[in-house]
Every structure is written in C-alpha cells, then in structure tokens.
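This is what each chain is made of:
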Amino acid sequence: MTTLQTLKKLVPYVMPYKWLVIATLVLTLIGSCAAQVNAIVLNYTVDAINALVEAGKGLAEGLDIMMLICVVLLTKELLTVALTFGQRFFGEKMRISISQDLSEAVIVKMLTYKLAFYSRDGNEPGKLQTRINRGVDSLTRMVQNFFIDILPLFVSAILAIVLMFKQNVWVGLTALCIVPIYFWITYKQAAKLKGWREMHKTYYEAKSHGIMNIIESINVIKSFNRESIEGEKQLSLLKKITDNQMKTRKTAFAFDGLKTFVEQIGVVLIIILTAYLVLSGQMTIGAIMYHIMLFGNVSAPIRQLHRIYDDWNDALIYAGGYFDIMNSDHEKEISGNYRPEKVKGKLELRGVDFTYPNGTKALHNINMTIESGKITALLGLSGAGKSTIVHLLDKFYDPDCGQVLLDGVDLREWDTKYLRDHIGLVLQKNHIFDGTIEENIRYGNPTATDEEVIEAAKKAYLYEQVSALPKGFKSKATELSGGQQQRVAIARMFIKNPPIIFLDEPTASLDAIATEQIKNSIDAIKKDRTVIIISHSLSQIIDSETIYSLEKGRVMEHGTHEECYDMNGVYRKIFDASARSLNIEKIVKTMD
Ligand code: ADP
C-alpha cells in the first residue's frame, strides 16, 4: 500500500477525533513559534552585550538587558511546558482512542467472516494475531508520528528557514540545500531496507505461530522427547531473524553516519558563511549564534526523519496486513432472509461437491436426505468427509456445486443467524470458555433463568456432580474433567433447545465410564429432534434410523443397520472391524 492509500484509509478512524487533531495542531503552531525564541534572544543578547562592551559600559548598564532576557526565556519555557503537555496529552488521547477503534473494528469485522477465512493458508491463529497487533501498533504510530512528531518538528523547521531567509538569502539557501540531500539519503536508506523489513514481518509472524504451536503441542513434544528438534526449528528461524536484523542495522548505521556527516557540513557552511558576512559588515556578531541555533531547528526534524521514515515504512507494511483483513469483504458470511415460523428439520444434500480453501477436495457428488425428527448416523474412516458434511449443513462453508437444503429451502436463502439458532453442535472437544459452569451453560441462551440452567444440567446428567462441588455452579468450568466438560456442552445444547442437533464424535476423547455416562445425556438430547451423529461407537450407530457410510468424500451405502450390513461394503468392513476390536467373544464369556 502507498502512503496516500494508507492515509486515506486512516481518515475515517481519525475523523471522530477531529477536535483533538485541531487542538494538537494549534498547540503545535504556537509551540513552533516558541521554539524560535531562543535563537532570537541569543541574537539580541550577543548584539546588545557586544554593543555595551564596545561602548565601554559595564554590569550596571547590562542589568536591564539581563532581566529582560530572564523574563522572556522563563516565560517562553513556562509556555512551552504547558504547550508540550497539552500537545502530548491530546496527541496521546487521540492515539489511544484510535488504537482502540482500530482493534475493535478488526475484531468486529473478523467475526463476520466465513470459516473459510480462518482455514486459509497464512491465516493461522498466530499469524493473524501478529498481523492484527502489529497492524494496529504501526497504524497508531503512524498517527502519532504525523500529529505528535512530524508536524511540530517540520513546522518548527519551516519557521526557522523562513527566519534565516529573512536575515540573509544566502544563509537561508545554504540551510535549504541540505534538506533535499538529507531527504535523498533517507529515501535511499529506506529503499535499501524495505526488502529486509518485509522479510522481518514474515519471520516475525512465523515465530509467533511457531511459539503457539509449541504451547499447543507440548504434551506430544515431551512424550516423544522432541524438545531439542522443536528448539532447533525455532533456533533456525531466530538465526534468520538475527541475520536479517544485523543486516538492517549495519545498513542503517552506515546511512546514519552519512547523514550526520551531511548535517555537520551544513553547520560548517553556516558558520563560515555567517562569519564571512559578519566580517564583511553585512551582519552583526549575534547572527552567528542566531543562525547556528536556527539551523539546529532545521536539522532536528531531519535527524528524526529516518526514524519517522522507518516507522512509516513499517506502518505501510503492517498496515497492508491489517487492511487486508479489514477489506476481505468477499469473506463475509452471506445471509438470506428466509425465517420460517417453524423449522421442521429435514436436511438434504443434492449433488454436492466441496473443496477447502487450501485445495483439498473433500466431497464428491454427495446426495443425502436426513429426515426430520430422526437420527441419522454418518460412518466412515478418518478423512472420509463426515465433519465436512456437518460444516456444510451448519452453513460454515458453501458447496462448490449442488445444493444444501433445510426444509426444502437452499441454505443460502436462510437467514444465517436464524438458521444457527435452530442448530446445535456438540463436538469431540467442545470449547469451554474461561468462566463459571453456569456462564458456560448459559452460553446456549444468555437470557436463561437460574432454574433453566439447573434444569439443563439435570437433563445432561451433570447436576449432582456440580452441586457436590464447593462452589457449585459458580466453579470454574475449565477445572472440570473431560467428561464433565462434555456434559456442560450438552447442557448448553439443552438450554439452546434447537430442533436440529449435530453430534460430531462427542465421546471420542472420553474414557469408558464417561462415555457411558454421556450416553444417557446424548440419548436424552436426541429425543424429538433431527439428529446427525458421527461416532465410532457401535451402540450409537446401531441405534440410528438411517446410516450413511462414506469413503474418500463419497457416499458408499445408506439405509438401516441391517440394510447397510447386507450390502457387504464399507459399512460391513468398518462394523466388523469395530466388533472384532471389542473382542466380543471374550466380553460375552466374561459377562456370562
Ligand atoms: P472426517 O470427519 O470423516 O474424519 P473431514 O471431513 O474432517 O473427515 O475431512 C475430509 C477431508 O478434508 C480430509 O482430507 C481432510 O484432510 C480435509 N480437511 C478437513 N478440514 C480441513 C480444513 N479446514 N482445511 C483443509 N482441508 C481440510
């Protein structure tokens, strides 16, 4: 993104604070005038004292001048303190408010995006997080640089140059000549560093993602004793980051040296020129100090230029990432406006193909009917496409071709929020939010009463265990066991009370006792609803009224348990294997 494009995009975020901007600018202007006072006072002092000395006068005559200087300088300092405070305070208020608005805007926007956005390459959690944080930081710094740093410095520099020109055109021209040279060197420096800076951004995102990955997989890493391998992976990335940073620094230092040299040439030229003008009687002696100080006001912002330029370039790089997220409007979930009074719950997939954003084709020509109020099971080996079907039925993704229908109406025509209000999803590992058990259950319906929460917990066979806890429903939900957390998720479903429920391997990560306990809760929630269950548990499959068996994204068989079994295909293969793995003969013998 170019500077202009970025600034244009920033305008809507700055506009709500236009009064702060105006206040900052006014203070800046006054502050810049005040910044020239020292040079003027010094000029006056040297000339006045010099005149006194030349006239052979002493301390008594000079007292008035000294008093005047004291009063002017102290008043100016007091004014500067007040101005700087006001300018910083307003500037900071604007910066903090804009930072908050930028963060809020991106979160609100991201929440409207389809799941496809989150599963795109490059949008992994760590990378997105870095892009957002850095984007917000850089953009806020851009605002700060512009209103708090650049403007005051440059207004002060322009005023100083104007004053120099007013005294003598040649001195003014000398000071002015240094500026483009300095700009040119800074521009070259930025151009040289740009590629490395972009690389740094990519490495930095990868580093955050890598650290998150380590934390998430720490159990696996430890159990395989792969700490050193993981450490080395990070180390090689860190080395690249260090190399990159060293190259950046080396180049920056070389350019900084060059810029300091140019600045000093400016100072020397000003001294020589003003000394010449004084000696040839065209200026008073005070003018030497006067011009050196004014040139200080010109070179101060220029010295900051590369830092501001660096920040600016960083901001441009990261702003691109930020606005890419903000501008992904094509990722927005599309909602129709179909909201029938009653949702019956008949689901159909007609000739559905589906490909994930990374190019994995997960479903091929799926035709399926899920009858209202009945239990339908999806069976297949891992990767067969069962969860993908659930994703499509929940409108998390749109099919490549074909149709997904609920009660005969294409999901695209349904109001997405309304649709999801009527669908419940229980996953293998349900997300338990940081909060109490009560809050987690109430997530299913924020307006539910305490009695409704208790009722839901009872139906999910959770009430007694939770009541026995010292803090009851106010206990932290994250401290519950896996089985108990799963029941919190089921209680959440009871309180939501949707007519359609998807159970995606709800007992897969649980032990036998927890599975048995949860079976009761699941059986309770299945009643009078359209249920799709994905499970490896034979008991849950056999109980289903219709079974669809899938292989490599295709439906292979469907029918009742007996019908599918007789087809002698995928279903039978999986069923027999599951039964054998249970060692039924021995189990039966033991039970006898
Ligand atoms: P199942 O639920 O039967 O185990 P899935 O529906 O999860 O199978 O996966 C079907 C195929 O889609 C697999 O090849 C899997 O690797 C792929 N897949 C699943 N989720 C994603 C995703 N978010 N992005 C890309 N590919 C995916």
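Everything below is about the structure printed above this text.
These remarks concern the structure in this document. Model, not experiment: these values are computed from the prediction.

### Quick word on the packing of aromatic side chains
Considering all chains together, one arrives at 14 aromatic pairs under this definition. Geometrically, the ring pair formed by Phe 117 and Tyr 118 is edge-to-face, given 5.1 Å between the ring centres and 90° between the ring planes. With relative accessibility at 2%, the residue Phe 117 sits in the buried group. When the centroid spacing of 4.9 Å and the interplanar angle of 80° are considered together, the rings of Phe 354 and Tyr 356 count as edge-to-face.

### Section: the site of the ligand
The ligand sits among 13 residues. The nearest are Gly 383, Gly 385, Lys 386, Ser 387 and Thr 388. Within the backbone of Gly 383, a nitrogen or oxygen atom sits 2.7 Å from an oxygen atom of the ligand. A distance of 2.9 Å is found between an oxygen atom of the ligand and a backbone nitrogen or oxygen belonging to Gly 385. Protein contacts shield 69% of the accessible area of the ligand, which totals 560 Å² for the unbound molecule. Ranked by the residues each element gives to the shell around the ligand, the list is headed by helix 11 (residues 386-393), at 3 residues. Here the shell around the ligand is composed, by residue class, of 4 nonpolar, 8 polar and 1 charged.

### Structural notes on the environment of Ala 377
Here Ala 377 shows up in strand 3 (residues 375-380). A C-alpha to C-alpha distance of 7.6 Å links Ala 377 and Ser 535, two positions 158 residues apart in sequence. When residues no more than four places from it in sequence are discounted, the contact partners of Ala 377 are Ile 533, Ile 541, Ser 544, Thr 546, Ile 547 and Tyr 548.

### Structural notes on helix 20 (residues 570-582)
The end-to-end C-alpha distance of helix 20 is 18 Å, a good match for the 18 Å that 13 residues give at a rise of 1.5 Å each. Those residues of helix 20 that fall on the buried side of the exposure criterion are Val 570, Tyr 571, Ile 574, Phe 575, Ser 578 and Ala 579. Projected onto a plane normal to the axis of helix 20, the buried residues spread over an arc of 155° and lie on a single side. Facing away from the buried surface of helix 20 by more than 90 degrees, the exposed residues are Lys 573 and Arg 580. The inward-facing, buried residues of helix 20 contact strand 3, helix 18 (538-542), strand 9 (546-551), strand 10 (554-559), helix 19 (561-566) and helix 21 (584-591). One or two steps after helix 20, the chain reaches Asn 583, where phi turns positive at roughly 55°.

The rules behind these values
- Residues numbered from 1 in each chain as written.
- Predicted model: local features only at pLDDT ≥ 70, side-chain atom pairs only at ≥ 80, totals over all residues.
- Heavy atoms only, no water.
- Phe/Tyr/Trp six-rings, centres within 6.5 Å; stacked < 30°, edge-to-face > 60°.
- Buried < 20%, exposed > 50% of the residue type's maximum accessible area, 1.4 Å probe, protein only.
- Near = heavy atom within 4 Å.
- Polar contact = N/O pair within 3.5 Å; in protein donor to acceptor, adjacent residues only side chain to side chain.
- Areas by Shrake-Rupley, 256 points an atom, 1.4 Å probe, with all protein chains shown as cover.
- Helix = DSSP H or I, 4+ residues; strand = E, 2+ residues; numbered from the N terminus.
- Nonpolar A, V, L, I, M, F, W, Y, C, P; charged D, E, K, R; others polar.
- Contact = heavy atoms within 4.5 Å.
- Expected span 1.5 Å × (residues − 1).
- Arc of directions from axis to C-beta.

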